[in-house]
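A look at the structure
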Amino acid sequence: MIGKLSIDLHKLAKFTNLAIPILAVLFFLAGFRFSFYFHFLTVTFLFLTVINLFYLHVQSSHSVLRNFGILGQGRYMLESIGPELRQYLFANDTEEKPFNRTERAEVYRKAQNIDSASSFGSQFEFDSSEIKIRHSMFPIGKDKLVPYRLTFGEERGITKTYTINKPFVISAMSYGALGEKAVRSFARGAKMAGIPMNTGEGGYPKYHLDEGCDLIFQMGTAKFGVRNEDGTLNDDKLKELAGKESIKMVEIKFSQGAKPGKGGLLPKEKITDEIAELRGVPKDRDVVSPSSHAECTDIENTVAFIKHVQDVTELPVGIKLCVGRPQQFEELVVEMKRQDVFPDWITVDGAEGGTGAAPKAFIDRVGMPLFPALKSVNDILTKNGVRDRLKLMASGKLVAPGRQMVAFCLGADAIYSARGFMLSLGCIQALQCGNNTCPVGITTHDPALQHGINIDAKAPRIANYVHNLEHDLEELLASAGCRSVKELTFDHLYVPSESTLHPFINAN
Ligand SMILES: Cc1cc2nc3c(=O)[nH]c(=O)nc-3n(C[C@H](O)[C@H](O)[C@H](O)COP(=O)(O)O)c2cc1C
């Protein structure tokens with residue numbers, strides 16, 4: 001069937017190749033015989049003839065064009081609009097990746113304060129491959145719930161502890177990956193919602209500070225904003241930044257789920273003069289951060305570095321990592337015990353996490369997915385008797401209450417989300433974050449595209465999203481008969497088999 005189709009296409013291409021110059025001649029003659037206006041068509045078809053000859057006989061990089069001429073161009077056109085065709089016309093509601101339409105719709109509805117009740121039945125499969133939440137035979141009233149409260153730094157007894165009253169935090173996204181208007185919308189929305197925002201590894205957090213929300217300053221491996229020339233930490237710069245009223249905590253990024261074992265990447269298309277200045281980098285090439293901190297070459301000096309940052313900043317200090325080998329994580333914990341140094345929290349980022357830009361092999365294949373990683377981290381900390389020395393944060397497609405509940409049951413104390421908040425800002429999953437061409441203006445510095453964001457209209461959506469997540473979480477807790485997320489355990493999950501602890505299950 002395919003063979004027959006390709007023979008037909010080849011014949012059609014031959015016919016087209018012949019027809020175009022013949023039409024050019026016919027229109028030329030008609031221009032003299034009937035009306036001058038035919039010459040517009042003469043010029044058009046002459047132009048097509050030249051292009052066609054170029055495709056067939058001159059260029060050599062595209063075999064399809066060499067064989068099919070201008071007709072072959074149709075293939076490239078269809079291929080380029082394939083994602084849009086699939087998204088709008090052909091993909092069903094539960095098919096798209098990384099977030100399918102039902103998942104995105106749930107966030108959009110929450111962000112716009114639209115009721116997200118569904119009818120008739122779930123669209124997900126109910127087979128042995130999925131985790132479910134175990135409800136109680138005796139749900140409790142919502143009036144019995146204990147208000148959420150989590151204090152970072154209390155384990156160390158430091159003066160500048162930081163307390164969150166909602167279990168949601170905007171995960172690291174740098175100014176650079178995001179445009180100015182997106183940063184401002186997130187920051188303003190975070191302030192309205194009463195939650196903190198992580199600055200990402202983009203250096204001095206100028207626009208975040210402008211908006212005045214609570215901030216977690218992220219120090220990536222390149223230490224933008226707080227680095228010496230040689231890439232090591234500049235204590236004075238960090239101390240100065242940590243002294244700012246809005247900076248409540250500091251997160252040392254060791255790795256991130258989308259590219260563990262590799263440093264951050266900012267493509268040169270997205271480096272404006274201002275970003276080059278804020279990061280202290282050149283404009284004319286991609287900025288690739290080192291894969292690890294200059295100070296951290298083994299487990300011993302890594303733990304010592306955490307202590308150093310705690311001492312310099314006098315703030316709660318956490319670490320972010322994607323788990324590779326749980327054994328290596330356990331060695332880290334054992335060393336923490338030996339030095340009696342613990343970060344104030346650990347962020348476990350699942351391999352399914354998002355990014356502004358990363359090599360495809362890393363996005364697809366490196367790192368442990370969130371659920372099994374979170375379970376091993378929680379188990380290792382518990383086994384070593386140090387689970388109460390720190391908090392656990394989790395990220396990795398935790399955009400809806402179902403998966404968030406699963407994360408709490410696996411040990412998380414709070415939820416980080418990046419793409420959930422991007423969706424609530426209007427992200428349409430165009431998958432162009434690294435190209436500076438984001439059609440809704442979130443991950444671009446092009447002013448014409450950023451025009452799409454009206455900060456005053458968008459910031460409340462962040463707050464709505466948080467408010468509605470909180471509402472659903474309370475309902476789920478009440479149905480499980482638990483007064484707070486602290487009471488959730490692994491036993492509250494229905495897990496058909498260990499292999500079910502996989503990120504792509506329908507745990508919504
Ligand atoms: C546009 C974009 C930029 C990001 N920038 C950073 C960053 O600067 N530092 C970092 O640790 N993680 C970064 N991340 C990863 C997120 O913070 C988060 O760990 C990951 O996307 C998982 O959360 P999610 O599934 O809710 O998106 C970025 C993600 C996105 C989508």
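A brief look at the structure comes next. All values derive from a computational prediction rather than experimental measurement.

1. Some details on the overall build of the chain
- When helices and strands are tallied, the chain shows 18 helices and 14 strands.
- Across its three principal directions, the C-alpha atoms of the chain cover 95 × 60 × 45 Å.
- Looking at the chain residue by residue over its 508 residues, the buried ones come to 51%.
- Put simply, the chain shows about 24,400 Å² of open surface, and 57% of that area lies on carbon and sulfur atoms.
- The distance from the centre of the 58 positive side-chain charges to the centre of the 58 negative ones in the chain is 5 Å.

2. Focus: the site of the ligand
- Around the ligand there are 23 residues in total, and Ser171, Ala172, Gln218, Lys397 and Arg419 lie nearest to it.
- Here Lys320 contributes a side-chain N or O atom positioned 2.8 Å from an oxygen atom of the ligand.

3. Observations concerning unusual backbone geometry
- A cis geometry characterises the amide bond from Lys97 onward to Pro98, with omega recorded as -5°.
- Here Pro98 lies in the loop between helix 5 (82-90) and helix 6 (101-111).
- At Gln429, a position not held by glycine, the phi torsion is positive, near 55°.
- Locating Gln429 in the fold gives a position in the loop between helix 16 (419-424) and helix 17 (447-450).
- Even without being glycine, Asn436 reaches a positive phi, approximately 65°.
- Within the secondary structure, Asn436 is located in the loop between helix 16 and helix 17.

4. A short note on the environment of Ala414
- Among the structural elements, Ala414 can be located in strand 13 (residues 414-417).
- Taking the relative accessible area as the measure of exposure, Ala414 reaches 0% and is therefore buried.
- Considered as a pair, Ala414 and Lys14 are 400 residues apart in the sequence and their alpha carbons are 63 Å apart.
- In this view, Ala414 contacts Tyr148, Leu150, Ile164, Pro167, Leu392, Met393, Ala394 and Phe408; residues no more than four positions away in its chain are not counted.

5. Here's the deal with the environment of Ala177
- Structurally, Ala177 can be placed in the loop between strand 4 (168-170) and helix 7 (180-193).
- According to the relative accessible area criterion, Ala177 is buried, its value standing at 16%.
- C-alpha of Ala177 to C-alpha of Ile271: the two residues are 94 residues apart in sequence and 9.4 Å apart in space.
- Setting aside its immediate chain neighbours within four residues, Ala177 contacts Leu266, Lys270, Arg279 and Thr443.

6. Overview of the packing of helix 9 (residues 235-242) against helix 11 (residues 299-313)
- The interhelical angle for the contact between helix 9 and helix 11, taken along N-to-C directions, is 55°, at an axis separation of 8 Å. One element, helix 9, and the other, helix 11, form an angle in the oblique class. Judged by the twist between their axes, the crossing of helix 9 over helix 11 is right-handed. Contact residues: helix 9 offers Asp235, Leu238, Lys239 and Ala242, while helix 11 offers His308, Val309, Val312 and Thr313.

7. Remarks on the environment of Phe421
- Note that Phe421 resides in helix 16.
- Given the relative accessible area of 1%, Phe421 is considered buried.
- C-alpha of Phe421 to C-alpha of Arg461: the two residues are 40 residues apart in sequence and 9.0 Å apart in space.

8. Describing the packing of helix 7 against helix 18 (residues 455-479)
- Running from N to C, helix 7 and helix 18 cross one another at 45°; their axes reach a closest spacing of 7 Å. Between helix 7 and helix 18, the angle is such that the two are oblique. Crossing of helix 7 against helix 18: the hand is right-handed. On helix 18, the residues touching Lys181, Arg184, Ser185, Phe186, Arg188, Gly189, Ala190, Met192 and Ala193 of helix 7 are Ile455, Asp456, Lys458, Ala459, Pro460, Ile462, Ala463 and Val466.
- Split by residue class, the contact of helix 7 with helix 18 holds 10 nonpolar, 2 polar and 5 charged.

9. As for helix 9
- Every buried residue belonging to helix 9 is among Leu238, Leu241 and Ala242, and all of these are buried. End-on view of helix 9: buried residues confined to an arc of 95°, all on one side of the axis. Along helix 9, the residues that are exposed and aim more than 90 degrees away from the buried face are Asp236 and Glu240.
- Those residues of helix 9 that are buried lie in contact with strand 6 (215-219), strand 7 (247-253) and helix 11.
- With a side-chain oxygen lying 3.1 Å from the backbone nitrogen of Asp236, the N-terminal cap of helix 9 falls on Asn234.

10. A word on the packing of aromatic side chains
- Applying the stated criterion across every chain, the model contains 11 aromatic pairs.
- Ring centres 6.1 Å apart and planes at 15° place the aromatic pair Tyr37 and Phe40 in the stacked group. Judged on exposure class, the residue Tyr37 and its partner Phe40 are both exposed.
- Lying across the ring of Phe126, Lys132 places its NZ or CZ 4.3 Å from the centre.
- Taking the ring centre of Phe490 as reference, the NZ or CZ of Lys375 above it sits at 4.7 Å.

11. Brief notes about the pattern of salt bridges
- What the rule picks out here adds up to 37 salt bridges.
- Here Asp340 ties to Arg389 by a salt bridge, and the two come within 3.0 Å at their closest N and O atoms. Of this pair, Asp340 sits in the loop between helix 12 (326-339) and strand 11 (345-349) while Arg389 sits in the loop between helix 14 (370-383) and strand 12 (391-395), and the two are 49 residues apart along the sequence.
- The partly exposed category is assigned to Arg389, whose relative accessible area is 32%.

12. Focus on the pairing of strand 11
- Within strand 11, 5 of the 5 residues are buried, which leaves the element mostly enclosed by the surrounding structure.
- Here 4 bridges tie strand 10 (residues 317-321) to strand 11, and the two strands are oriented parallel to one another. Paired with Lys320 across the bridge in strand 11 is Thr347.
- Following the backbone out of strand 10, through helix 12 and into the adjacent parallel strand 11, one traces a crossover that is right-handed.
- With 5 bridges joining them, strand 11 and strand 12 adopt parallel strand pairing. Among the inter-strand pairings, Val348 is bridged to a residue of strand 12, identified as Ala394.

The rules behind the values
- Residues numbered from 1 in each chain as written.
- Predicted model: local features only at pLDDT ≥ 70, side-chain atom pairs only at ≥ 80, totals over all residues.
- Heavy atoms only, no water.
- Helix = DSSP H or I, 4+ residues; strand = E, 2+ residues; numbered from the N terminus.
- Buried < 20%, exposed > 50% of the residue type's maximum accessible area, 1.4 Å probe, protein only.
- Areas by Shrake-Rupley, 256 points an atom, 1.4 Å probe, with all protein chains shown as cover.
- Lys, Arg positive; Asp, Glu negative; His and termini not counted.
- Charge placed at Lys NZ, Arg CZ, Asp CG, Glu CD.
- Near = heavy atom within 4 Å.
- Polar contact = N/O pair within 3.5 Å; in protein donor to acceptor, adjacent residues only side chain to side chain.
- Contact = heavy atoms within 4.5 Å.
- Axes fitted to C-alpha atoms, helices over the stretch in contact; angles between N-to-C directions.
- Parallel < 35°, antiparallel > 145°, perpendicular 65-115°, else oblique.
- Left-handed = near helix turned anticlockwise from the far one by under 90°.
- Nonpolar A, V, L, I, M, F, W, Y, C, P; charged D, E, K, R; others polar.
- Arc of directions from axis to C-beta.
- Phe/Tyr/Trp six-rings, centres within 6.5 Å; stacked < 30°, edge-to-face > 60°.
- Lys NZ or Arg CZ within 6 Å of the ring centre and 35° of its normal.
- Salt bridge = Lys/Arg side-chain N within 4 Å of Asp/Glu carboxyl O.
- Pairing = 2+ DSSP bridges.
- Right-handed = clockwise from strand over helix to strand, strands pointing away.

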